[in-house]
Structure formats: C-alpha cells, structure tokens
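# Structural overview for review
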Amino acid sequence: MLKVQTGQIVEFYSNSCLVLANGNNFKCKIQGRINLVVGDFVEIEPLVGADYFEALVKKRLDRSSVLYKSKENVKKPIASNISHIGILVTKSPKTSLEFIDKWIAISINASIEPFIIFNKIDALEENAFSKEQSIYKNIGIKTFEISAKLLTNLNCLEKFLAKKTTIFVGNSGSGKSTLTSAMTGKEILSRDLSNNQGVHTTSVSTLYNTGEMQLIDSPGVRDINLDHLTPNKIIFGFSEIYRFSSKCEFPNCNHINDRGCAVIEAVKNGEIEESRYNNFIVLSQRK
Ligand SMILES: Nc1nc2c(ncn2[C@@H]2O[C@H](COP(=O)(O)OP(=O)(O)OP(=O)(O)O)[C@@H](O)[C@H]2O)c(=O)[nH]1
Ligand SMILES: [Mg+2]
Ligand SMILES: [Zn+2]
C-alpha cells in the first residue's frame, strides 16, 4: 500500500473521520489538533499493524472555499471546498424570507454561489411560490421547483448540479436528506415529521460523490447566525442594494433616513424589493 495518500473527508465525527482516497474509504484518527471538516482534502498515512483501511490524518491541504457559521461569537467551519449552496425553501416547515436572505449573504461572502430549491410542490397548489420566485429571479438567483419525495422536476436540477460540489441548507424537515437521497440513489434516513424528536434528523456531515456531482448533507446548516460577518460585509450579500448604494449622496449613508439615499428611492419605486431591503436593515443593524 502507498505510504502517504491524498484523499477527501467524506464523513466527519467529533474526533475521527472517513477519508476517501484512491477509491477506498479509510477510517481515520486525526493527528494533533488539525481543524477539519467534511470536504477537506487531506494527506493520510495508513496505520501500521491496524486493520486494512485505517489511517491517520497528517495534514490538511489548502481549501478553495470554507462555509462558516457562528455561535456565541465563535466562528466554526461547517464544510469546505464547496462551489454551490442550495437553499431549500418549503411552506411546511415555513421558510422565512429572512432565512433565505441570510443564506444568500453568507454564500456570497464566502465566494460560494447560492441558488434556491422550492421543495414539496406535491403538497401545494400551482404557483404557490410565485412571489418568492419573482423576488429571487429578479436579482439573478437561479431557482428550481421540485418534489424531492415524488422525484418531480429533478432533471433540470440534476443537470445544474453536474460537476459541482453543493451543500443543501434549510430548516430541519425541509428535505435536505430526501433530496440528497433522490439525487444519489443512496438510502438516507429522513426525518419523520410526525415525531417531534426528529428521530431521523441528520447528525453527521456526509459528502456523497456520485461521479457526476458531489453533495453534502450536513446537520450544521439549520439555525444559522452570521455574527462572523461584520455589518459592513452584509451589503455584499444584497447585490441590488449594493449597486444602488454607490449612488447615495453621502458615502457613509445609513440607507435609512439620510438625505439623498438612492437605496430608499429604489425601494419606493419598486426597483428594490421591500422584503430584501427590510432584511438587509435587520441583518446589518444587529448587535
Ligand atoms: N410531501 C413531501 N414531503 C417531503 C418532500 N421532501 C421531503 N419530504 C418529507 O419531509 C420530511 C423531512 O425530510 P428530511 O429529508 O429528513 O429533511 P432534512 O432537511 O434532512 O431534516 P434534518 O436532517 O432534520 O435537517 C420527511 O418526512 C420527508 O419525507 C417532498 O418533496 N414532498
Ligand atoms: Mg436530514
Ligand atoms: Zn443610502
């Protein structure tokens, strides 16, 4: 067996992980205090005298992107080397527009492309998402309407996901595991919504590689907090607001009640959606 091999972390537990290297899954311990997450490329050294596919993670390679979340002001990586974030939006459980806007801001600030998947259309009337569709299409976000459970409209999404590494984000019960399972053909336990305990709620971060696409199903993407983004970075997540802000009369305009604010003007004449503006203010004013 090769001595040192390079692989990717496909499953991460609290102090061990599974690494896919040269077509084999290695159960790995981690040397020292390397900070690792699912998606990381690592160098591993097979353990001498141990079971065949056991190894030690020696080193993490550079990351092309990192998705962070923060809790009580502690910044914590969730996953790395992701190209796209798929935001799952459902009517039940209800996804708020603030949740969507938060994730768009997080994605853009992490240089990861966000897109939206409206899920569970089998349980809804036609055009149930028309308002949300128009808000997000207008700002250039790609959207899909699907039923992960009944496999409706999955072809377009499948084409879009090809050759990308995508993490699905959304409230618990929005269908991340169901969709991952539908896309990969792998059986993944999903949450029984009738059970408040959420018996099959995802508890381990897993990266699935179908050969065509890479998908990450992670428990770390439900309740998010963007304390790690300073308020002045939030505006980059609201590209239409950012564009108008360059026309404000004063460079340090608060976009609330300052004179000559081009952002407020654009909200008034419908060029900026009110919900987007309100969420921008809420997110950038938080303490
Ligand atoms: N009607 C309907 N139900 C769906 C659809 N997709 C998922 N569900 C159901 O929604 C419930 C939750 O789905 P999961 O895939 O476990 O949700 P999750 O986002 O992985 O939840 P967590 O792991 O707790 O974060 C399950 O009972 C699914 O069967 C859909 O398209 N239509
Ligand atoms: Mg799940
Ligand atoms: Zn302004």
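The structure contained in this document is the topic of the report that follows. (Residues numbered from 1 in each chain as written. Chains lettered and ligands numbered in written order. Predicted model: local features only at pLDDT ≥ 70, side-chain atom pairs only at ≥ 80, totals over all residues. Heavy atoms only, no water.)

Moving on to the coordination of the zinc ion (ligand 3). For a metal with four donors in a tetrahedral arrangement, the ideal angle between donors is 109.5 degrees, while six donors in an octahedron ideally sit at 90 or 180 degrees. Coordination of the zinc ion (ligand 3) by the protein involves Cys248 (SG), Cys253 (SG), His255 (ND1) and Cys261 (SG), with metal-donor separations of 2.1 to 2.4 Å. Relative to the metal, the four donor atoms surrounding the zinc ion (ligand 3) lie at angles of 104 to 117 degrees, and the coordination shape comes out tetrahedral. Binding-site remark: the zinc ion (ligand 3) is held by donors from one chain whose sequence spacing is C-x4-C-x1-H-x5-C. (Donors = N, O, S within 2.8 Å, 3.2 Å for Na, K, Ca; no water. Tetrahedral: all angles 85-135°; square planar, octahedral: opposite > 155°, others 65-115°.)

There is a patch of nonpolar side chains on the surface, built from Ile108, Phe236 and Tyr242 and spanning about 260 Å² of accessible area. Mapping Ile108 onto the fold places it in helix α1 (residues 97-109). When its relative accessible area of 31% is taken as the criterion, Ile108 is described as partly exposed. (Patch = residues over 30% accessible without salt bridge, like charges linked within 9 Å, V, L, I, M, F, W, Y side chains within 5 Å. Areas by Shrake-Rupley, 256 points an atom, 1.4 Å probe, with all protein chains shown as cover. Salt bridge = Lys/Arg side-chain N within 4 Å of Asp/Glu carboxyl O. Helix = DSSP H or I, 4+ residues; strand = E, 2+ residues; numbered from the N terminus. Buried < 20%, exposed > 50% of the residue type's maximum accessible area, 1.4 Å probe, protein only.)

Right, let's get into the nonpolar core. Ranked by internal contacts, the top residues of the largest apolar core, which has 51 residues, are Leu67, Ile87, Trp103 and Ile167. In this view, Ile87 contacts Phe99, Ile100, Trp103, Ile104, Pro114, Phe115, Ile116, Ile117 and Val169; residues no more than four positions away in its chain are not counted. If you look at the next biggest cluster of nonpolar residues, it comprises 15 residues, including Ile117, Ile146, Leu154 and Met183. (Core = buried A, V, L, I, M, F, W, Y, C linked by side-chain atoms within 4.5 Å. Contact = heavy atoms within 4.5 Å.)

This part takes up the pairing of strand β5 (residues 54-60). Pairing of strand β3 (residues 24-30) with β5 involves four bridges; the strand directions are parallel. Bridging from a neighbouring strand, Ile30 pairs with Val57 of β5. Sheet topology places strand β4 (residues 41-46) next to β5; five bridges connect them, and they run antiparallel. What sits directly across from Glu45, in β5, is Leu56. (Pairing = 2+ DSSP bridges.)

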